[in-house]
Amino acid sequence: MKKTIMEIDKNQLLRFTTAGSVDDGKSTLIGRLLFDSKSIFEDQISAVETTSKKKGHEGVDLALFTDGLRDEREQGITIDVAYRYFTTPKRKFIIADTPGHIQYTRNMVTGASTANAAIILVDARHGVIEQTKRHAFIASLLQIPHIIVCVNKMDLVDFDEKAYNNVISQFEEFSSKLLVRDVRFIPISALLGDNVVNRSEDMDWYQGAPLLHTLETLHISSDVNKVDARFPVQTVIRPQREGYIDYRGYAGRIASGIFRPGDEVTVMPSGFTSKISSIDTFDGPVQEAFVPMSVTMTLEDDIDISRGDMIVRSNNKAEASQDVEVMLCWLNDKPAKPRAKYAIRHTTNEQLAMIKEVIYKIDINTLERKSDDTELNMNDICKVKIRTTKPLMIDPYRENRNTGSIILIDESTNETVAAGMVV
């Protein structure tokens, strides 16, 4: 039975990232979330209990459920992005546990790039610090629609409401400068479990929902762009077998919007127009296709279409441009080479590009723009002008995260050196 877009919206997958300063309790919070929602196998629990005893802990060290690398366990810090999956009767979740250290800013950008929500942890004793501002800025830069500020370690301030309100006023003063649509605050104790899965008896002054209930009921269906119909072509399908002799389909994953047979479409960058004849899936033809379905479209006219082209609605086209302004995060440990050529990947389109100009760099701690410093080093975030060999079909990142994002690749090493958001 085919699912409609309304049915898909009801049982959505929620991706969320956790961020915060070192020792704010990110890994402990995720461990508590998994432990209290009964999403951990018994053998994992017994293994962590054994490790906790060896380390001399009285109870279970919840952080060990997420810190997977040996270096992370030894140093007690998170280095790489750890992905964890769990399910409740209401929703499926993917957690990206991202590092808090300055030198791992690039890891946070990677982990947060696909998130629907960001949980930012703040230590109730210390309030909003530079790391909090850095993570909030990156979350707003990546256009994460929902930010949940968890004021952690409330048990260490005797569950004092004043300490909680103090963090709210500090964060709101800073976030007023950012483009953030939805910010929520929850006072928690990840170590003791207060307001994580179950309500806290020690904070009866807090009338809101605990964290898990907030995540389960977060409205995310409107976060997806269903207006701008964009279909990057991945490959051309020609079966050449009985029953499909003249079949010519264009396969790929819908980046945004909704397509239906009969829609008038334009193929970019050529500009040729046609109508959708059929939309086929693995389970058979459908009368409606939407993000993020993988489909094969056939058109009424024979048009020269290949990988990297984009099918859009004729009355709502993407911008085709060779000069693109991008907010770039430099991921590589080697600095950017002036006017060097890089491979650029945008949806299914891959070609060569050059960083023409560094307009300014951002000091993440103060949000100041530095136009005199043009050298790109690891973890730098800057606004640049990029020139490509052929046009890219782009939308601004704030309107469409799929068609507004790019990556740069060093052709000699095949390393991804930068990730960017189209301004």
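Below or above, wherever it landed, is the structure these notes cover. Since we're looking at a predicted model, the values are computed, not measured.

Describing the overall build of the chain
Each helix and strand counted, the chain has eight helices and 23 strands in total. Compactness check: the chain gives a C-alpha radius of gyration of 24 Å against a globular reference of 22 Å for 423 residues, within 12% of the reference. Referenced to the eigenvectors of the C-alpha coordinate spread, the extents of the chain come out at roughly 70 × 60 × 40 Å. Here the chain, with 423 residues, has 54% of them falling under the buried criterion. In the chain, of all internal contacts separated by at least 6 residues, the share reaching a separation of at least 24 is 71%. Split by element, the accessible area of the chain, about 20600 Å² in all, is 47% carbon and sulfur. Of the side-chain charges in the chain, 52 are positive and 61 negative, and the distance between the mean point of each set is 3 Å.

What about helix H5 (residues 105–112)?
A large share of H5 lies buried, amounting to six of its eight residues. Within H5 the residues assigned to the buried category are Thr-105, Asn-107, Met-108, Val-109, Gly-111 and Ala-112. If you follow the buried residues of H5, they end up packed against strand E1 (13–20), strand E2 (82–87), strand E3 (92–97), helix H6 (130–141) and strand E17 (319–330).

Comments concerning empty space enclosed by the protein
Overall, the coordinates contain one cavity of 30 Å³ or more when judged by the stated rule. Lining the largest cavity, in full, are Arg-15, Phe-16, Thr-17, Tyr-83, Ile-94, Ile-95, Ala-96, Gly-111, Thr-114 and Ala-115. Within the residue set of the lining of the largest cavity, elements represented by two or more residues are E1 and E3. Grouping the constituent residues of the lining of the largest cavity by class yields six nonpolar, three polar and one charged.

As for the layout of surface pockets
Unoccupied space between atoms shows up once a probe the size of one water molecule is rolled over them. As a volume, the second largest pocket reaches approximately 510 Å³. In this structure, the second largest pocket is lined by 17 residues; those nearest its centre are Phe-137, Leu-141, Leu-179, Met-327 and Arg-369. When contributions to the lining of the second largest pocket are tallied by element, the ones reaching two or more residues are H6, strand E19 (349–363) and strand E23 (415–422). Among the elements that make up the lining of the second largest pocket, the one with the highest residue count is H6 (three residues).

Comments concerning the sheet that holds strand E6 (residues 182–187)
Within the open sheet, the six strands sit side by side as E2-E3-E1-E4-E5-E6. Their pairing is mixed. Each having just a single partner strand, E2 and E6 make up the two edges of the open sheet. Averaged over all neighbouring strand pairs, the angle between strand axes comes to 25 degrees, with direction disregarded. Taken together, the six bridges between E2 and E3 define a ladder with antiparallel strand orientation. Pairing of Arg-84 across the sheet is with Ile-95, part of E3. Here H5 sits on the sheet and contacts E1, E2 and E3; the angle it forms with E1, its principal contact strand, is near 165 degrees. Its contacts with the sheet place H6 against E1, strand E4 (117–123) and strand E5 (146–152), and it is angled at close to 170 degrees to E4.

Some points on the pattern of salt bridges
A complete count under the given rule lists 16 salt bridges for this structure. We note a salt bridge from Arg-32 to Asp-36, for which the minimum N-O separation is 3.1 Å. One end of the pair is Arg-32 and the other is Asp-36, both in helix H2 (residues 26–36) and four residues apart, which spans about a single turn. Under the relative-accessibility criterion, Arg-32 is labelled buried at 12%. Across the salt bridge formed by Lys-153 and Asp-123, the nearest N and O atoms sit 3.9 Å from each other. Of this pair, Lys-153 sits in the loop between E5 and helix H7 (161–175) while Asp-123 is found in strand E4, placing the two residues 30 residues apart along the sequence. The class of Lys-153 is buried, set by a relative accessible area of 18%.

What counts, and at which threshold
Residues numbered from 1 in each chain as written. Predicted model: local features only at pLDDT ≥ 70, side-chain atom pairs only at ≥ 80, totals over all residues. Heavy atoms only, no water. Helix = DSSP H or I, 4+ residues; strand = E, 2+ residues; numbered from the N terminus. Rg over C-alpha atoms; globule rule 2.2 N^0.38 Å. Buried < 20%, exposed > 50% of the residue type's maximum accessible area, 1.4 Å probe, protein only. Contact = heavy atoms within 4.5 Å. Areas by Shrake-Rupley, 256 points an atom, 1.4 Å probe, with all protein chains shown as cover. Lys, Arg positive; Asp, Glu negative; His and termini not counted. Charge placed at Lys NZ, Arg CZ, Asp CG, Glu CD. 1 Å grid on protein atoms, 1.4 Å probe; cavity = no way out; pocket = protein on both sides within 12 Å on 5 of 7 lines; lining within 4 Å. Points joined across faces, edges and corners; volume = space filled by probe spheres on them. Nonpolar A, V, L, I, M, F, W, Y, C, P; charged D, E, K, R; others polar. Pairing = 2+ DSSP bridges. Axes fitted to C-alpha atoms, helices over the stretch in contact; angles between N-to-C directions. Salt bridge = Lys/Arg side-chain N within 4 Å of Asp/Glu carboxyl O.

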